[in-house]
Amino acid sequence: MSFINYANKEINCKIVYYGAGMSGKTTNIQYIYENTQKEHRGKLVTLSTENERTLFFDFLPLSVGDVRGYQTRFHLYTVPGQTFYEVSQQFILKGVDGIIFVADSQEDRMESNIQSLELLERNLEFQGYDIGKVPLVFQYNKRDLPDAVTVQELEATFNPTHKPHFEAVASKGTGVMETLQATCQWVVRELKGGQSS
(Lines give C-alpha, C1' and ligand atoms only; values in the text may rest on other atoms or scores of the structure.)
Protein backbone atom coordinates (compact mmCIF):
# COMPACT_ATOMS: atom_id res chain seq x y z
CA MET A 1 0.00 0.00 0.00
CA SER A 2 0.98 3.66 -0.16
CA PHE A 3 3.88 5.00 1.87
CA ILE A 4 4.50 8.50 3.15
CA ASN A 5 7.61 10.57 2.56
CA TYR A 6 7.38 13.04 5.44
CA ALA A 7 10.42 15.05 4.31
CA ASN A 8 8.86 15.83 0.92
CA LYS A 9 5.25 15.84 2.18
CA GLU A 10 4.31 13.19 -0.39
CA ILE A 11 2.17 10.09 -0.34
CA ASN A 12 3.59 7.52 -2.75
CA CYS A 13 1.13 5.19 -4.46
CA LYS A 14 1.68 2.22 -6.72
CA ILE A 15 -0.37 1.56 -9.85
CA VAL A 16 0.26 -1.62 -11.79
CA TYR A 17 -0.63 -2.19 -15.44
CA TYR A 18 -1.63 -5.84 -15.69
CA GLY A 19 -2.73 -7.91 -18.67
CA ALA A 20 -1.78 -10.59 -21.14
CA GLY A 21 1.42 -10.36 -23.15
CA MET A 22 1.24 -7.83 -26.00
CA SER A 23 -2.00 -6.28 -24.70
CA GLY A 24 -0.53 -2.76 -24.64
CA LYS A 25 0.77 -2.28 -21.09
CA THR A 26 4.20 -1.05 -22.21
CA THR A 27 2.64 1.17 -24.86
CA ASN A 28 0.48 2.82 -22.17
CA ILE A 29 3.46 3.49 -19.89
CA GLN A 30 5.59 4.85 -22.71
CA TYR A 31 2.81 7.17 -23.89
CA ILE A 32 2.23 8.50 -20.37
CA TYR A 33 5.94 9.03 -19.83
CA GLU A 34 6.37 10.87 -23.13
CA ASN A 35 3.36 13.08 -22.39
CA THR A 36 4.18 13.99 -18.79
CA GLN A 37 6.15 17.19 -18.19
CA LYS A 38 9.79 16.46 -17.34
CA GLU A 39 9.64 18.36 -14.06
CA HIS A 40 6.75 16.14 -12.89
CA ARG A 41 8.20 12.74 -13.73
CA GLY A 42 11.08 10.53 -12.73
CA LYS A 43 13.29 8.47 -14.98
CA LEU A 44 11.78 5.66 -17.04
CA VAL A 45 13.44 2.48 -15.79
CA THR A 46 13.39 -0.75 -17.74
CA LEU A 47 14.24 -3.93 -15.88
CA SER A 48 15.02 -6.59 -18.43
CA THR A 49 16.06 -10.18 -18.16
CA GLU A 50 16.58 -12.60 -21.00
CA ASN A 51 12.85 -13.19 -21.43
CA GLU A 52 10.92 -10.46 -19.62
CA ARG A 53 10.70 -6.70 -19.29
CA THR A 54 9.22 -4.49 -16.58
CA LEU A 55 8.86 -0.73 -16.92
CA PHE A 56 8.65 1.72 -14.05
CA PHE A 57 8.52 5.46 -13.50
CA ASP A 58 6.97 7.86 -11.05
CA PHE A 59 5.19 11.15 -11.57
CA LEU A 60 3.48 13.86 -9.61
CA PRO A 61 0.15 14.78 -11.22
CA LEU A 62 -1.23 18.22 -10.58
CA SER A 63 -4.90 17.45 -11.12
CA VAL A 64 -5.78 14.83 -8.48
CA GLY A 65 -5.32 17.08 -5.48
CA ASP A 66 -3.65 16.46 -2.16
CA VAL A 67 -4.49 14.30 0.83
CA ARG A 68 -4.35 16.12 4.17
CA GLY A 69 -1.71 18.55 2.88
CA TYR A 70 0.42 15.89 1.18
CA GLN A 71 0.91 15.68 -2.57
CA THR A 72 0.33 12.30 -4.19
CA ARG A 73 3.13 10.76 -6.26
CA PHE A 74 2.23 7.79 -8.40
CA HIS A 75 4.64 5.00 -9.29
CA LEU A 76 3.57 3.17 -12.45
CA TYR A 77 4.65 -0.39 -13.18
CA THR A 78 4.01 -2.93 -15.89
CA VAL A 79 4.11 -6.65 -15.28
CA PRO A 80 5.42 -9.20 -17.76
CA GLY A 81 2.27 -10.53 -19.38
CA GLN A 82 3.19 -14.14 -19.99
CA THR A 83 1.69 -16.50 -17.42
CA PHE A 84 5.01 -18.23 -16.71
CA TYR A 85 6.22 -15.02 -14.99
CA GLU A 86 3.82 -15.48 -12.10
CA VAL A 87 6.52 -14.96 -9.43
CA SER A 88 7.54 -11.64 -11.01
CA GLN A 89 3.89 -10.62 -11.23
CA GLN A 90 3.34 -11.40 -7.56
CA PHE A 91 6.42 -9.39 -6.58
CA ILE A 92 5.34 -6.36 -8.61
CA LEU A 93 1.80 -6.50 -7.14
CA LYS A 94 3.15 -6.31 -3.59
CA GLY A 95 1.97 -3.03 -2.06
CA VAL A 96 -0.30 -2.13 -4.99
CA ASP A 97 -2.79 0.72 -4.56
CA GLY A 98 -4.54 0.49 -7.93
CA ILE A 99 -4.58 -1.73 -11.01
CA ILE A 100 -5.26 -1.05 -14.65
CA PHE A 101 -6.17 -4.27 -16.43
CA VAL A 102 -5.31 -3.87 -20.12
CA ALA A 103 -7.35 -6.25 -22.24
CA ASP A 104 -6.55 -6.80 -25.90
CA SER A 105 -9.86 -6.37 -27.76
CA GLN A 106 -8.99 -8.80 -30.55
CA GLU A 107 -11.21 -11.87 -30.68
CA ASP A 108 -8.29 -14.30 -30.83
CA ARG A 109 -6.81 -12.78 -27.63
CA MET A 110 -9.89 -13.29 -25.45
CA GLU A 111 -8.65 -16.56 -23.92
CA SER A 112 -5.29 -14.95 -23.03
CA ASN A 113 -7.15 -12.02 -21.44
CA ILE A 114 -9.32 -14.39 -19.39
CA GLN A 115 -6.28 -16.35 -18.19
CA SER A 116 -4.52 -13.12 -17.26
CA LEU A 117 -7.49 -11.83 -15.24
CA GLU A 118 -7.75 -15.17 -13.42
CA LEU A 119 -4.03 -15.02 -12.68
CA LEU A 120 -4.40 -11.45 -11.41
CA GLU A 121 -7.09 -12.56 -8.98
CA ARG A 122 -4.94 -15.47 -7.78
CA ASN A 123 -1.84 -13.27 -7.42
CA LEU A 124 -3.79 -10.65 -5.47
CA GLU A 125 -5.12 -13.35 -3.13
CA PHE A 126 -1.54 -14.55 -2.64
CA GLN A 127 -0.65 -11.00 -1.51
CA GLY A 128 -3.69 -10.84 0.80
CA TYR A 129 -5.85 -8.61 -1.41
CA ASP A 130 -9.45 -9.06 -2.50
CA ILE A 131 -9.84 -8.20 -6.19
CA GLY A 132 -13.27 -6.78 -5.39
CA LYS A 133 -11.80 -4.21 -2.97
CA VAL A 134 -8.71 -3.00 -4.84
CA PRO A 135 -9.22 -0.03 -7.19
CA LEU A 136 -9.35 -1.81 -10.56
CA VAL A 137 -10.01 -0.06 -13.86
CA PHE A 138 -10.39 -1.90 -17.16
CA GLN A 139 -8.91 -0.63 -20.39
CA TYR A 140 -10.14 -2.27 -23.59
CA ASN A 141 -7.22 -1.66 -25.92
CA LYS A 142 -6.80 -2.00 -29.69
CA ARG A 143 -10.33 -0.82 -30.39
CA ASP A 144 -9.25 0.28 -33.87
CA LEU A 145 -8.63 -3.26 -35.12
CA PRO A 146 -11.21 -4.88 -37.40
CA ASP A 147 -11.54 -8.05 -35.29
CA ALA A 148 -12.16 -6.21 -32.01
CA VAL A 149 -15.05 -7.73 -30.06
CA THR A 150 -17.82 -5.45 -28.85
CA VAL A 151 -17.48 -3.50 -25.63
CA GLN A 152 -20.64 -5.24 -24.43
CA GLU A 153 -18.94 -8.64 -24.81
CA LEU A 154 -15.79 -7.38 -23.07
CA GLU A 155 -17.87 -5.98 -20.21
CA ALA A 156 -19.84 -9.22 -19.83
CA THR A 157 -16.64 -11.28 -19.84
CA PHE A 158 -14.34 -9.18 -17.65
CA ASN A 159 -16.35 -6.63 -15.74
CA PRO A 160 -19.65 -8.01 -14.43
CA THR A 161 -19.41 -5.75 -11.35
CA HIS A 162 -19.28 -2.64 -13.57
CA LYS A 163 -16.00 -1.12 -12.46
CA PRO A 164 -14.80 1.82 -14.55
CA HIS A 165 -13.73 0.93 -18.07
CA PHE A 166 -12.27 2.81 -21.01
CA GLU A 167 -11.89 2.09 -24.68
CA ALA A 168 -8.37 2.72 -25.95
CA VAL A 169 -5.97 2.69 -28.84
CA ALA A 170 -2.80 3.00 -26.78
CA SER A 171 -0.54 3.19 -29.84
CA LYS A 172 -2.26 6.51 -30.67
CA GLY A 173 -2.74 7.63 -27.06
CA THR A 174 -6.53 7.31 -27.26
CA GLY A 175 -7.98 6.53 -23.83
CA VAL A 176 -4.57 6.23 -22.15
CA MET A 177 -4.63 9.34 -19.99
CA GLU A 178 -8.33 8.96 -19.22
CA THR A 179 -7.75 5.45 -17.85
CA LEU A 180 -4.83 6.63 -15.72
CA GLN A 181 -6.70 9.69 -14.45
CA ALA A 182 -9.69 7.60 -13.34
CA THR A 183 -7.40 5.17 -11.54
CA CYS A 184 -5.43 7.92 -9.79
CA GLN A 185 -8.64 9.63 -8.68
CA TRP A 186 -9.99 6.34 -7.29
CA VAL A 187 -6.75 5.72 -5.36
CA VAL A 188 -6.86 9.24 -3.90
CA ARG A 189 -10.53 8.73 -2.88
CA GLU A 190 -9.47 5.54 -1.08
CA LEU A 191 -6.68 7.44 0.69
CA LYS A 192 -9.24 9.97 1.85
CA GLY A 193 -11.34 7.18 3.31
CA GLY A 194 -13.64 6.68 0.32
CA GLN A 195 -14.83 10.28 0.30
CA SER A 196 -15.44 12.13 -2.95
CA SER A 197 -12.84 14.75 -3.81
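Our structure's up above, just so we're on the same page.
About the cut-offs
Residues numbered from 1 in each chain as written. Predicted model: local features only at pLDDT ≥ 70, side-chain atom pairs only at ≥ 80, totals over all residues. Heavy atoms only, no water. Helix = DSSP H or I, 4+ residues; strand = E, 2+ residues; numbered from the N terminus. Rg over C-alpha atoms; globule rule 2.2 N^0.38 Å. Buried < 20%, exposed > 50% of the residue type's maximum accessible area, 1.4 Å probe, protein only. Areas by Shrake-Rupley, 256 points an atom, 1.4 Å probe, with all protein chains shown as cover. Lys, Arg positive; Asp, Glu negative; His and termini not counted. Charge placed at Lys NZ, Arg CZ, Asp CG, Glu CD. Pairing = 2+ DSSP bridges. Right-handed = clockwise from strand over helix to strand, strands pointing away. Phe/Tyr/Trp six-rings, centres within 6.5 Å; stacked < 30°, edge-to-face > 60°. Lys NZ or Arg CZ within 6 Å of the ring centre and 35° of its normal. Axes fitted to C-alpha atoms, helices over the stretch in contact; angles between N-to-C directions. Parallel < 35°, antiparallel > 145°, perpendicular 65-115°, else oblique. Left-handed = near helix turned anticlockwise from the far one by under 90°. Contact = heavy atoms within 4.5 Å. Nonpolar A, V, L, I, M, F, W, Y, C, P; charged D, E, K, R; others polar.

Visitor: So what exactly am I meant to see when it comes to the overall build of the chain here?
Guide: A count of helices and strands for the chain gives five helices and eight strands. Start at the N end of the chain and walk to the C end: the helices and strands fall as β-β-α-β-β-β-α-β-α-β-α-β-α. Taking 197 residues into account, the globule formula puts the C-alpha radius of gyration at 16 Å, and the chain, at 16 Å, falls close to it. Once the C-alpha set of the chain is aligned to its principal axes, its extents read approximately 50 × 40 × 35 Å. Buried positions account for 52% of the 197 residues belonging to the chain. Surface summary for the chain: the accessible area is close to 9,800 Å², and the carbon and sulfur share equals 50%. Charge-centre separation for the chain: the mean point of 19 positive side chains lies 8 Å from the mean point of 24 negative side chains.

Visitor: How should I be thinking about the pairing of strand 7 (residues 136–141) in this particular structure?
Guide: Along any regular strand the residues' side chains alternate between the sheet's two faces. Most of strand 7 sits inside the fold, with six of its six residues counted as buried. With burial as the criterion, each face of strand 7 is covered, one bearing Leu136, Phe138 and Tyr140 and the other bearing Val137, Gln139 and Asn141. Bridge analysis of strand 6 (residues 98–104) against strand 7 gives six bridges, and the strand direction is parallel. If you follow Ile100 over to strand 7, its bridge partner there is Val137. Tracing the backbone out of strand 6, into helix 3 (residues 110–126) and back to the parallel element strand 7 gives a crossover that is right-handed. Looking at chain direction, strand 7 and strand 8 (residues 165–167) are connected through three bridges and run parallel. Within strand 8, the position partnered with Gln139 by the bridge is Phe166. You can see the chain leave strand 7, run along helix 4 (residues 151–158) and come back into strand 8, and the turn it takes is right-handed.

Visitor: Even after reading the chapter, I still don't get the packing of aromatic side chains, so can you show me in this structure?
Guide: The description of two aromatic rings rests on the distance between their centres and on the angle between their planes. A full pass over the atoms with the stated rule returns four aromatic pairs. An angle of 25 degrees between the planes, with centres 6.4 Å apart, marks the rings of Phe138 and Tyr140 as stacked. For the pair shown, Phe138 and Tyr140 are each scored as buried. Aromatic rings pair up to connect Phe101, Phe138, Tyr140 and Phe158 into one cluster. Between the NZ or CZ atom of Lys9 and the centre of the ring of Tyr70, over which it lies, the distance is 4.8 Å. Positioned above the aromatic ring of Tyr33 is the side chain of Arg41, whose terminal nitrogen or guanidinium carbon lies 3.9 Å from the ring centre.

Visitor: Help me out: how do you make sense of the packing of helix 2 (residues 86–93) against helix 3 in this one?
Guide: For any two helices packed against each other, the geometry is given by the interaxial angle and the distance between the axes. Between helix 2 and helix 3, the shortest axis-to-axis distance is 9 Å and the interhelical angle comes to 60 degrees. By the angle class used here, helix 2 and helix 3 are oblique. Along this stretch, helix 2 crosses helix 3, giving a crossing that reads as right-handed. Across from Glu86, Gln89, Gln90 and Leu93 in helix 2, the residues of helix 3 making contact are Leu119, Leu120, Arg122, Asn123, Leu124 and Phe126.

Visitor: Help me understand the packing of helix 3 against helix 4 in this model?
Guide: Remark: helix 3 packs on helix 4, axes separated minimally by 11 Å, with the N-to-C direction vectors making an angle of 30 degrees. Viewed along their axes, helix 3 and helix 4 adopt a mutual orientation that is roughly parallel. Regarding helix 3 and helix 4, the two cross each other, and that crossing is right-handed. Of the residues in helix 4, those touching helix 3 at Met110, Asn113, Ile114 and Leu117 are Glu153, Leu154, Thr157 and Phe158. The residue inventory of the contact of helix 3 with helix 4, partitioned by class, reads five nonpolar, two polar and one charged.

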